[in-house]
Amino acid sequence: MSEDLWSSVDSYLTSKLLPPDEILESVLRDSTDAGLPAINVTPAQGRFLNLLARIQGAKHVLEIGTLGGYSTIWLARALPPEGSLVTVELDPHCASLARRNFKRAGLSTLIEVREGSALQVLPQLKSEHRPPFDFVFLDADKEHHPDYFEWALELSRPGTVIIADNVVRGGAILDSDTDDPNLRGIRRLFDLIEASPRVEASALQTVGSKGYDGFAIAVVIT
Ligand code: SAH
Ligand code: DHB
Ligand code: MG
């Protein structure tokens, strides 16, 4: 089975399930024009995240890793009018493009972009005594996936859903001797989940137009 086949099936499913979306298409076009890497979730994955947030009834969403705001828009569209979404982005260039995209999508009032390193912003969020997040999407540098996961727990309540992106990496996560900090981070995330009595988790391997990868999904129990 080839990447071409995964891509063709992804295109078929997307054409059947997702209506054309000028806003999201222009977000991707502008992101490419601005030189951003095309490492956003796929359309079908974006819709999948949107559905999960709706199934969960999420009102307050946290995202780590905004890029041009593609996944953010999918998540924000799941929110009721009184909802809120905080998205954290290190790169100021990405953050300002994302803010423009949120304005264009009519979602600026729901979305707050926090510019800075997630390991600095997350403790700030904790100190602000906001309501717990209902849904968290971790998609920044994978080296710090486990650290972000621990912060997500700090900012959660029982029932919060935490999703971590890119946890399979074409199967490369099987390499226990790897020096790659991202792969080590992903493996450390699974060690943490294994040892944590606070969550119950699963993971889904995915194939499609962005190759072979996967999501981890956890529900906070206590
Ligand atoms: N969620 C986006 C893709 C995010 S790509 C989507 O699917 O549309 C990963 C992003 O994480 C990049 O924009 C990168 O700049 C950001 N990032 C990397 N390290 C970070 C850090 N330490 N803190 C916050 N953001 C970081
Ligand atoms: C990369 C990051 C992502 O979040 C992703 O979904 C795919 C690739 C990357 O850094 O290569
Ligand atoms: Mg990702």
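Up top is the structure.
Nothing here was measured: the structure is a model prediction, and the numbers come from that model.

Draft legend 1. Main features of the pattern of salt bridges. All told, the structure shown has 12 salt bridges when counted by the stated rule. Between Glu154 and Lys126 there is a salt bridge, and its shortest N-O distance comes to 3.4 Å. One end of the pair, Glu154, is in helix α7 (residues 145-154); the other, Lys126, is in helix α6 (residues 118-127), and 28 residues separate them in sequence. A relative accessible area of 37% places Lys126 in the partly exposed class.

Draft legend 2. Summary view of the side chain of Asn40. Within the secondary structure layout, Asn40 lies in the loop between α2 (22-33) and α3 (43-56). The exposure class of Asn40 is buried, given its relative accessible area of 13%. When near neighbours in sequence (up to four residues on either side) are disregarded, Asn40 contacts Leu28, Leu67, Tyr70 and Lys210.

Draft legend 3. A look at the site of ligand 1. In the vicinity of ligand 1 lie 21 residues, with Val41, Gly65, Ser71, Glu89 and Asp139 positioned nearest. Leu67 has a polar backbone atom sitting 3.3 Å from an oxygen atom of ligand 1. Alone, ligand 1 offers 580 Å² of accessible surface; in the complex the protein occludes 89% of this. Contributing elements (two or more residues each) for the shell around ligand 1: α4 (70-76) and β2 (84-89).

Definitions and cut-offs
For every chain, the first residue of the written sequence is number 1, and numbering continues from 1 onward in sequence order. All chains are assigned letters beginning with A, and all ligands numbers beginning with 1, in the order in which they are written. Thresholds applied to this predicted model are a pLDDT of at least 70 for local features of residues and 80 or more for the giving and counting of side-chain atom pairs; totals over whole chains, interfaces and linings are not thresholded and use all residues. The side-chain numbers reported here are obtained from all heavy atoms of the structure, hydrogens and water having been left aside. The salt bridge criterion pairs a side-chain nitrogen of Lys or Arg with a carboxyl oxygen of Asp or Glu, the two atoms within 4 Å. Numbered from the N terminus, helices here are DSSP runs of H or I no shorter than four residues, and strands are runs of E no shorter than two. Throughout this description, buried means an accessible area under 20% of the type-specific maximum (1.4 Å probe, protein chains only), exposed means over 50%, and partly exposed covers the range between. In what follows, residue pairs with any heavy atoms lying within 4.5 Å of each other are defined as contacts. Summary of the distance rule: residues count as near a molecule or strand when at least one heavy atom falls within 4 Å of that molecule or strand. We define a polar contact as two N or O atoms separated by no more than 3.5 Å, with the added condition that, inside protein, one atom must be a possible hydrogen donor and the other a possible acceptor, whereas residues neighbouring each other in sequence contribute only through side-chain atom pairs. The accessible surface values rely on the Shrake-Rupley method and a 1.4 Å probe; as for residues, cover is taken only from the protein chains in view.

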